[in-house]
Amino acid sequence: MKKVGNHNSNSRKLFLSLALMLTFSLTSFAQDATPAAATEAPVAAQGGDPVKGKELFNSNCAACHKLDAKSTGPALRGIAQKHDMAWIYKWVHNSADLIKSGDAAAVKVFEENNKVPMTAFPALSEGDIDSIIAYTSEVKAEAPAPVPGTAVAGSSDQGGISNSVILGALALVMAMLVVMLFLVNNVLRKVAKANGIEVASKTPTTPIWKAFAKNQFLVLVTSIFLLLASAYFVYGFLMQVGVDQNYEPIQPIHYSHKIHAGDNEINCKYCHSAARVSKNAGIPSLNVCMNCHKNIAEVAESTATPEYSKAFYDEQIQKLYTAVGWDKSTQSYTGKSQPVKWVRIHNLPDFVYFNHSQHVTVAGIECQTCHGPVETYEIQKQFAPLTMGWCINCHRKTDVKMEGNEYYTKIHEELSKKYGVDKLTAAQMGGLECGKCHY
Ligand code: HEC
Ligand code: HEC
Ligand code: HEC
Ligand code: HEC
Ligand code: HEC
Ligand code: HEC
């Protein structure tokens, strides 16, 4: 019986330490949530009107500032907590003067942002600035609940919720196990006592790790737990490799496909003319832009949206002019140009061969099948996952267009006999052979 007692007290220590570990991991989960809530305490700005502030912000500041992310300038939400209003008035009216005067805070902000000068706004009244600050002091709205059906399957950021649910469930199961074992232990002790058996509770103990190593059940449970946890992390890591779906970088010029390809119905191939005839679709040179923009120096009032003002769009066209060296007042080129470095969005690894003309011209696939409803994108992004599975799935499903293609007539006859079908998919034409896509 002594042996049993010894066993019991040891395993009790183990359960206790397990329980401790669990509570620890649970609190560290909970901690994730608290700081965010704490830092978002609203700050009342002196009597400003946030609605008017939003309007002023969008037309004057949004070209360089966002509320919650760094853009050309730093994020501005909660800026009233960082500086007092007197400083902010001076800064917005003329930040260069403030920096020149040697103001420590101003110099620091300037240097932290690579010494990019901020536009001076001498025309904004203090009341206007109060309103802008009132707007930047608004508490961030909760992210809207995801609308069912809009989630894109396989999108890498969708995994978060279900994964923490799984982790939570695992933790719960472990917790229940601990509690149950604890209860069983107690009952056994009571039974032992009732039968008049003395349970030695403070016998000399073996070190915990030794007891642990001896207890095969615990070792088993722990290793299963560890295995599951590591499999989960390895899986998560692998699924992210090379998948940049919805990648949406900020471009040097805010160029809207919605305005060009959507509202103004400019054909994709006007700008991406190479898609028809070559491997790459290509990004148009700025000369192509100037075909139209010699005459379009600003957008119509009606083009502005609550998110992007007319002033913002006009400034983007000005950026185009600066880049090609176009002086709109004299309507001539200055000869001083600086290339625009568009950020590349789609990028297959080097060992994959993909050819646009094969898909666009030969197979007659619409751009939108692979790139999504581009004509609605205010900001261009990666629509498809660009994984091997994605290419192959489509090759399995899509029939090759045979009509009017002499090259295929003969192959088609032979292959359709071989497969005994009328229509051939890209896969049956050899679209699954490794060598077709891999060098
Ligand atoms: C042309 C781009 C540009 C515009 C337009 C602009 N800013 Fe800035 N702003 C910056 C940059 C860049 C900085 C960082 C300091 C620096 O490098 O001069 C900055 C810094 C600031 C700061 C200090 C931030 C900090 O972290 O301390 C405030 C406040 C600010 N801007 C407010 C405004 C307001 C309000 C407007 C609109 C009325 C505005 N800015 C318009 C570029 C701009
Ligand atoms: C007026 C010229 C113009 C038209 C018309 C146009 N684009 Fe673009 N497109 C661009 C420019 C400039 C870029 C680079 C900037 C960007 O990514 O927003 C680009 C980028 C892209 C990219 C991302 C390239 C990358 O880096 O991976 C895709 C995909 C794309 N366009 C598809 C389309 C499709 C589909 C259409 C037709 C619905 C279309 N474009 C119409 C000019 C144009
Ligand atoms: C076929 C004519 C045409 C071509 C080519 C063209 N644009 Fe435009 N662009 C327009 C029109 C039309 C507008 C919208 C005017 C309006 O809304 O009043 C516009 C608006 C813009 C704007 C402001 C709205 C926005 O998208 O942010 C920018 C910036 C711009 N164009 C950049 C470019 C660049 C860069 C290129 C070359 C890659 C280009 N445009 C090629 C016709 C063209
Ligand atoms: C079968 C799918 C598919 C179709 C159809 C398709 N694309 Fe692409 N597109 C891709 C893939 C994949 C890439 C990435 C290529 C790479 O990284 O080498 C890409 C890249 C691009 C790029 C980036 C620059 C480049 O050439 O790599 C542009 C711009 C583009 N596509 C425009 C278009 C336009 C415009 C059309 C319609 C005329 C079109 N695409 C049709 C799959 C497609
Ligand atoms: C939307 C459907 C679709 C997607 C997505 C797609 N393809 Fe295709 N692909 C086709 C079709 C259809 C053909 C047959 C074209 C033909 O020859 O008539 C084809 C043909 C090819 C061929 C030539 C095969 C041969 O037999 O000569 C290659 C190579 C290829 N695709 C590579 C790719 C790669 C790489 C990707 C992914 C990055 C991809 N495709 C994504 C539809 C697709
Ligand atoms: C229709 C085109 C296509 C065919 C056919 C194809 N692959 Fe791929 N493969 C791809 C693309 C696209 C990628 C890049 C995936 C990524 O970046 O996530 C890729 C990636 C890979 C990788 C790298 C692993 C990874 O996930 O990044 C290996 C290995 C590979 N392919 C092997 C093969 C073998 C073996 C075959 C023949 C059975 C084959 N592929 C046939 C398009 C193809």
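Not measured: the values here are computed from a predicted model.

(A) Focus on the overall build of the protein chain. When you go through the protein chain residue by residue, the secondary structure sums to 20 helices and two strands. By the burial criterion, 12% of the 439 residues in the protein chain qualify as buried. Taking the intrachain contacts of the protein chain between residues at least 6 apart in sequence as the baseline, contacts between residues at least 24 apart amount to 71%.

(B) Local environment of helix 2 (residues 50-61). Here helix 2 contains 12 residues, and its C-alpha end-to-end distance of 14 Å is more than 12% below the 16 Å for a straight helix at 1.5 Å per residue. Taken residue by residue, helix 2 has Gly53, Leu56, Phe57, Asn58, Asn60 and Cys61 as its buried positions. Next to the buried residues of helix 2 lie helix 6 (126-136).

(C) Structural detail: the site of ligand 5. In the region of ligand 5, 25 residues are neighbours, and Ala363, Cys391, Cys394, Ala426 and Gly430 sit closest. Of all the secondary structure elements, the ones that give two or more residues to the shell around ligand 5 are helix 15 (356-362), helix 16 (367-371), helix 17 (388-397), helix 19 (427-431) and helix 20 (434-437). For the shell around ligand 5, the element with the most residues is helix 17, which contributes four residues. Of the residues that constitute the shell around ligand 5, the class distribution is 16 nonpolar, seven polar and two charged.

(D) Region of interest: unusual backbone geometry. Even without glycine at this site, Glu265 takes up a positive phi of about 50 degrees. With respect to the helices and strands, Glu265 occurs in the loop between helix 10 (257-263) and helix 11 (268-271). Residues other than glycine seldom take positive phi values, yet Leu386 does so here, at roughly 60 degrees. Judged by C-beta crowding, with 20 C-beta atoms within 10 Å, Leu386 ranks as buried.

(E) Fine view of the packing of helix 2 against helix 6. Their axes nearest at 7 Å, the elements helix 2 and helix 6 cross at an angle of 95 degrees. By the angle class used here, helix 2 and helix 6 are roughly perpendicular. Only Asp128, Ser131, Ile132, Ala134 and Tyr135 of helix 6 make contact with helix 2, whose side of the interface consists of Pro50, Lys52, Gly53, Lys54, Leu56, Phe57 and Cys61. Here the contact of helix 2 with helix 6 is built from residues that sort into seven nonpolar, two polar and three charged.

(F) Spatial organisation of the site of ligand 3. Taken together, 23 residues are adjacent to ligand 3, and Ser256, Cys289, Cys292, Thr303 and Gln316 come closest. Going through the elements one at a time, helix 10, helix 13 (286-293) and helix 14 (310-324) are the ones with two or more residues in the shell around ligand 3. Per-element tally for the shell around ligand 3: the top contributor is helix 13, with five residues. Grouping the constituent residues of the shell around ligand 3 by class yields 15 nonpolar, eight polar and no charged.

Criteria and cut-off values
Within each chain, residues carry numbers counting from 1 in the order of the written sequence. Labels are handed out in written order, letters beginning with A for the chains and numbers beginning with 1 for the ligands. Local features are withheld for residues below a pLDDT of 70 in this predicted model, meaning they are given only at 70 or higher, and side-chain atom pairs are given and counted only at 80 or more; totals for whole chains, interfaces and linings count all residues. Helix and strand assignments follow DSSP, with helices taken as H or I runs no shorter than four residues and strands as E runs no shorter than two, numbered in order from the N terminus. Neighbour counting defines burial: a residue surrounded by 20 or more other C-beta atoms within 10 Å of its own C-beta is buried, one with 12 or fewer is exposed, and intermediate counts give partly exposed, using backbone-placed C-beta atoms. C-beta atoms are placed from the backbone for every residue, and two residues are taken to be in contact when these atoms lie within 7 Å. A helix's residues, less one, multiplied by 1.5 Å, set its expected span. Using a C-beta atom placed from the backbone, a residue is described as near a molecule or strand when that atom lies within 6 Å of it. Put simply, Ala, Val, Leu, Ile, Met, Phe, Trp, Tyr, Cys and Pro go in the nonpolar bin, Asp, Glu, Lys and Arg in the charged bin, and everything else, Gly too, in the polar bin. Angles run from 0 to 180 degrees between N-to-C directions of axes, and those axes are lines fitted to C-alpha atoms, restricted for helices to the stretch in contact. Each angle is binned into one of four classes, with values under 35 degrees roughly parallel, values over 145 roughly antiparallel, values of 65 to 115 roughly perpendicular, and all other values oblique.

Treat this as a map of the structure, not an account of what it does.
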